[in-house]
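# A look at the structure
For reference, the chains in residue letters:
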Amino acid sequence: MEQLKEELKQAGYPAYRADQLFQWLHNRRVTAFSQMTNLPKSMVSWLEENYQIDFAAPVRKQVSKDKTVKYLFRMSDGNCVESVVMFYEYGASVCISTQVGCRMGCRFCASTQAGRVRNLTAGEICAEVYAAQADTQQRISHIVLMGIGEPLDNYENVLSFLRIISCPEGLCIGMRNISLSTCGVVPQIDRLARENLQLTLSVSLHAPNNTLRSSMMPVNDAYPVEDLIAACRRYQNTTGRRVSFEYSMVKGVNDSEKQADELAELIKGMGAHVNLIPINPVDGSPYSASDAKNVLRFQKLLEARGINATVRRRLGTDISAACGQLRREEMQKTEH
Ligand code: SAH
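### Describing helix 5 (residues 155–166)
- Helix length check: helix 5 (12 residues) gives 17 Å between terminal C-alpha atoms against 16 Å at 1.5 Å per residue, within 8%.
- When we look at burial in helix 5, the residues that qualify are Y155, V158, L159, S160, F161, L162, I164, I165 and S166.
- Here the buried face of helix 5 lies against helix 1 (2–10), helix 2 (15–28), helix 4 (122–136), strand 7 (140–145), strand 8 (178–182) and helix 6 (186–195).

Structure representation (structure tokens):
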């Protein structure tokens, strides 16, 4: 809102025009400036000449047996991203993308296989939420930034998005209902800490030491485990919010008893929560999922060492709802 007021002020418009514009964009969600009927015609022309309204058009939709809905959204330049709506007892949660593709290179992830095409704008990220809400006809109460892309590699747009989606004039989704997941871009974790938002920071850890983590996630070469954990501790001290760790379990790679010990030792005393996720095998990746028994054993080992750990409920497995898979299918289709 402040940005909008400033932008309009520069062009000679009074502040209340920013309120009106914001209402049209983020509450009424019109698709053309000409639909903004309380704005003067000259202002509508000026908007049309200088700006565009970002959108996310559903081009594919898959509904799972468990009601999870996955969308492939097309943006104005033809690029596609994915969003997933999941229904929980506490409400509807949407998992959204922050970039077209990703440049982080995690070996198990479908989203990064073709690299990063571009960042999404704050408007496009908002549009994913609005389109998901419009199509499901359900109020979205929770947001997870865990779709395609690395949110902290698109810092400014993501922050803008967070401010828009949580503000009282917009959807007003509380920061405590928003989780941001990162592969561990340390300087940006510190930057986020300074914003002092009440969102949940999820860190994709996946391995308890540098040798293993670097073999799975190239980002670890730039920001090794000890620096990452130190940044997480700083984040907790600054914001008063506990971080949570994602640990995708790969058979015979990161799921041994020794590794559970190592993980417990690494994060002890943080009160952090560990989310165990059997890895979702993607084409071209050497990894396969730990079996359910092993995942449970790993969980018990962590709990015995005082680490709070849960196994993530799997939703939408029948519709390839894991990140990047639908976009990749679509890209392959258009290539052939
Ligand atoms: N770039 C951010 C957010 C997007 S990925 C991040 O790395 O956290 C969301 C989560 O899904 C991350 O924890 C990521 O490591 C994990 N993930 C990616 N591909 C996966 C797969 N095939 N199976 C299980 N988890 C996966």
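Now that the structure has been shown, we can carry on.
### Considerations on the pairing of strand 7
- For strand 7, the buried fraction is high: 6 of the 6 residues fall into the buried class.
- Direction of pairing for strand 4 (residues 91–95) relative to strand 7: parallel, over a ladder of 4 bridges. Its bridge partner being in strand 7, C95 is matched across the sheet by V144.
- One ladder, built from 3 bridges, connects strand 7 with strand 8; its direction is parallel. When the bridges of strand 8 are listed, V144 appears paired with S179.

### Description of the packing of aromatic side chains
- Under the defined criterion, the tally for this structure stands at 5 aromatic pairs.
- Between Y71 and F73, the ring centres sit 5.2 Å apart and the planes meet at 10°, which makes this aromatic pair stacked. Across the pair, F73 and Y71 agree in class, each one buried.
- Residues Y247 and F298 carry aromatic rings whose centres are separated by 5.1 Å and whose planes lie at 25° to one another, so their mutual orientation is stacked. With Y247 in strand 10 (residues 244–249) and F298 in helix 11 (residues 292–304), this pair connects stretches of sequence that are 51 residues apart.
- A relative accessible area of 1% places Y247 in the buried class.
- The exposure class of F298 is buried, given its relative accessible area of 0%.
- One aromatic cluster in this structure is built from Y13, W46 and Y51.
- Lying across the ring of Y130, R29 places its NZ or CZ 4.3 Å from the centre.

### Examining the site of the ligand
- The full set close to the ligand counts 18 residues, and F108, S181, S204, H206 and N280 are the nearest of them.
- Within the backbone of C183, an N or O atom sits 3.5 Å from an oxygen atom of the ligand.
- At 2.6 Å from an oxygen atom of the ligand is found a side-chain nitrogen or oxygen belonging to S204.
- Starting from 540 Å² of accessible surface for the ligand in isolation, the protein chains cover 92%.
- Of the residues belonging to the shell around the ligand, the class tally is 8 nonpolar, 8 polar and 2 charged.

### Notes on the domain arrangement of the chain
- Taken domain by domain, the chain holds domain 1 (1–53) and domain 2 (62–335).
- Between domain 1 and domain 2, the C-alpha centre-to-centre distance is 34 Å.
- Taken together, the 9 residues of domain 1 in the interface contact 10 residues of domain 2.
- Considering only the surface of domain 1 that becomes buried against domain 2, F22, H26 and R29 emerge as the three largest contributors, covering 63% of it.

### Some words on unusual backbone geometry
- Positive phi, normally seen in glycine, also occurs at K67, with a value near 80°.
- You can see K67 is positioned in the loop between strand 1 (57–63) and strand 2 (69–74).
- In this structure, N196 is a non-glycine residue whose phi angle is positive, near 50°.
- Following the sequence through the fold, N196 ends up in the loop between helix 6 and strand 9 (200–204).

### Brief notes about the packing of helix 5 against helix 6
- Two elements in contact, helix 5 and helix 6, have axes whose closest approach is 12 Å; the angle formed by their N-to-C orientations is 25°. Viewed along their axes, helix 5 and helix 6 adopt a mutual orientation that is roughly parallel. Here helix 5 and helix 6 pass one another in a crossing that is right-handed. Seen from helix 5, the contacting residues are Y155, E156, L159 and R163; seen from helix 6, they are Q188, R191, L192 and E195.

Calculation criteria
Residues numbered from 1 in each chain as written. Predicted model: local features only at pLDDT ≥ 70, side-chain atom pairs only at ≥ 80, totals over all residues. Heavy atoms only, no water. Helix = DSSP H or I, 4+ residues; strand = E, 2+ residues; numbered from the N terminus. Expected span 1.5 Å × (residues − 1). Buried < 20%, exposed > 50% of the residue type's maximum accessible area, 1.4 Å probe, protein only. Contact = heavy atoms within 4.5 Å. Pairing = 2+ DSSP bridges. Phe/Tyr/Trp six-rings, centres within 6.5 Å; stacked < 30°, edge-to-face > 60°. Lys NZ or Arg CZ within 6 Å of the ring centre and 35° of its normal. Near = heavy atom within 4 Å. Polar contact = N/O pair within 3.5 Å; in protein donor to acceptor, adjacent residues only side chain to side chain. Areas by Shrake-Rupley, 256 points an atom, 1.4 Å probe, with all protein chains shown as cover. Nonpolar A, V, L, I, M, F, W, Y, C, P; charged D, E, K, R; others polar. Domains from an automatic or database assignment. Buried area = accessible area lost by both parts, 1.4 Å probe. Axes fitted to C-alpha atoms, helices over the stretch in contact; angles between N-to-C directions. Parallel < 35°, antiparallel > 145°, perpendicular 65-115°, else oblique. Left-handed = near helix turned anticlockwise from the far one by under 90°.

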